[in-house]
Each structure stands twice: as structure tokens, then as C-alpha cells.
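# Results of the structural survey
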Amino acid sequence: MPFTIAIDGPAASGKGTIARALAGHFGFAHLDTGLLYRAVGARGGDPVQAALDLSPADLARDDLRTAAAGQAASRVAAIPLVRAALVDFQRRFARQDPGAVLDGRDIGTVICPEAEIKLYVTASDEIRAHRRALELGADPAQILRELRERDARDAARDVAPMRPADDAVLLDTSRMSIDDAVVHAIALVKGAGA
Ligand code: DC
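What follows deals with unusual backbone geometry. The phi angle of most residues is negative, glycine excepted, and most peptide bonds adopt the trans form. Residue Pro-98 is reached from Asp-97 by a cis peptide bond, and omega for that bond is -5 degrees. Within the fold, Pro-98 resides in the loop between helix 6 (80–94) and strand 3 (99–104). A positive phi angle is found at Ala-12, which is not glycine, with a value near 60 degrees. Checked against the element boundaries, Ala-12 lands in the loop between strand 1 (3–8) and helix 1 (15–26). One non-glycine residue, Ala-160, lies in positive phi territory at about 50 degrees. Looking at the element boundaries, Ala-160 is found in the loop between helix 9 (140–156) and strand 5 (169–172). The class for Ala-160 is buried, based on a relative accessible area of 12%.

Printed below as a string of C-alpha cells:
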């Protein structure tokens, strides 16, 4: 039986790092679903067609991690037909042996409501902006504005808004080192039977 770990949360909360570490620890596959939306935004043209045509080469582009790519991703992610075009791929990925970790905004609520464990990873706005600014070498105040704009759009959209599933475990990483957050997440996943 495949074991699915669903991880959601806002930008720069630490969810990607935790997802990668969990995948490594348990020997599971990992899918950063934000990358799908970033790749759709980066292709340009009609976003629905871009989502339908998405290929592995699109995900390998080296310009997907920029703040501009994040904003473009958040905009195309609000289009219902874009999201619909990406559902089957994500669900198939989630159901592979021995298990899979998916991180995003709607994994526990829409893509994998049956996941064996759901984590919702958060951190304060300021801490998230600080982390992202260090990562991108950018101005923290500017990053803070962009994160808030993006989170507000992601949480307010009609289809699959960012929110914790009712049965998600909340993990606030504001006052944790990433190592502590990973140790905590591993214990939660083991507790769920992995
Ligand atoms: O996780 P990220 O910052 O790479 O995501 C980029 C954008 O993609 C995010 O602002 C909203 C969108 N997204 C989404 O709507 N649903 C997901 N499962 C993952 C990302």
C-alpha cells in the first residue's frame, strides 16, 4: 500500500525543505507541486494550454525559482482549468510505492484528501520573508510585500484555496531550526504508520 504525505503551507514556510527531508528519510518520491504552476506561468501564452502541454523539460528550467516566477505561478494557479489539467498527474504521483511526499497549497484538501498524513507548515510573515530574502539575496521588505500579496491571492481564490485540511497537523516553524522541524515532522509521520 503506498503511503502519501501531504504537506501544505504558505511560501517560504519551510515546507519544501521538510518535504525533501521526509522523502529522503523514508525513501519516498517527492513532488514540489509549486514547480508545476511556476512552469505553467513561465511558458507564457495561454495558461490552460501550457498546463495541458507541460513536459519534464519545462520543470527543468533554471528560471523557476525567482520572485517573478512565483507571482506568475500564483496568478495562473487561480485559473480553474489550469488546476484541473494538473490533477491527474499529481494524484498518480501520490499513489506510488513505497510512498510519496507532495508539497503545495491544496494537497491535503483537494489532491490527496485520503493521504495517510497531512502537515500544514507555517511561520510568521517576517520570518518567512527573512528566509526567502537570504535565499534569493533580495531586499526583505520587498520580499515581505510580495509574499503577503501572493499568500492573499492563494488563500482567496475560489478553487482550491490555500488552507489547512480539517485533519492536518499544524507545524509552526517560526521558532524552530530547520533540523528541529524535520525531526518533529519525521516523528509525526512515523506516528501515522510510515
Ligand atoms: O510553492 P511555490 O511558492 O513554489 O508555489 C508557487 C505558486 O503556485 C503559489 O503562490 C501558488 C501556486 N500553487 C498552488 O496554487 N497550488 C499548489 N499545490 C502549489 C502551488
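So much for the structure itself; the text now carries on.
Once that is clear, we can look at the sheet that holds strand 4 (residues 117–122). On the basis of which strands lie adjacent, the open sheet formed by five strands has the order 2-3-1-4-5 and parallel pairing. Two strands in the sheet have a free side with no partner beyond their single neighbour: strand 2 (29–32) and strand 5. Within the sheet, the average angular offset between the axes of one strand and its neighbour, ignoring direction, is 20 degrees. Relative to strand 4, strand 1 is paired through four bridges, and the arrangement is parallel. Looking across to strand 4, one finds that Ala-6 is bridged to Lys-118. Running over the sheet, helix 6 touches strand 1, strand 2 and strand 3 and is turned about 140 degrees from strand 3.

Rules used in this analysis
Residues numbered from 1 in each chain as written. Predicted model: local features only at pLDDT ≥ 70, side-chain atom pairs only at ≥ 80, totals over all residues. Heavy atoms only, no water. Helix = DSSP H or I, 4+ residues; strand = E, 2+ residues; numbered from the N terminus. Buried < 20%, exposed > 50% of the residue type's maximum accessible area, 1.4 Å probe, protein only. Pairing = 2+ DSSP bridges. Axes fitted to C-alpha atoms, helices over the stretch in contact; angles between N-to-C directions. Contact = heavy atoms within 4.5 Å.

From the geometry alone we can't say anything about function, so treat these as descriptive.
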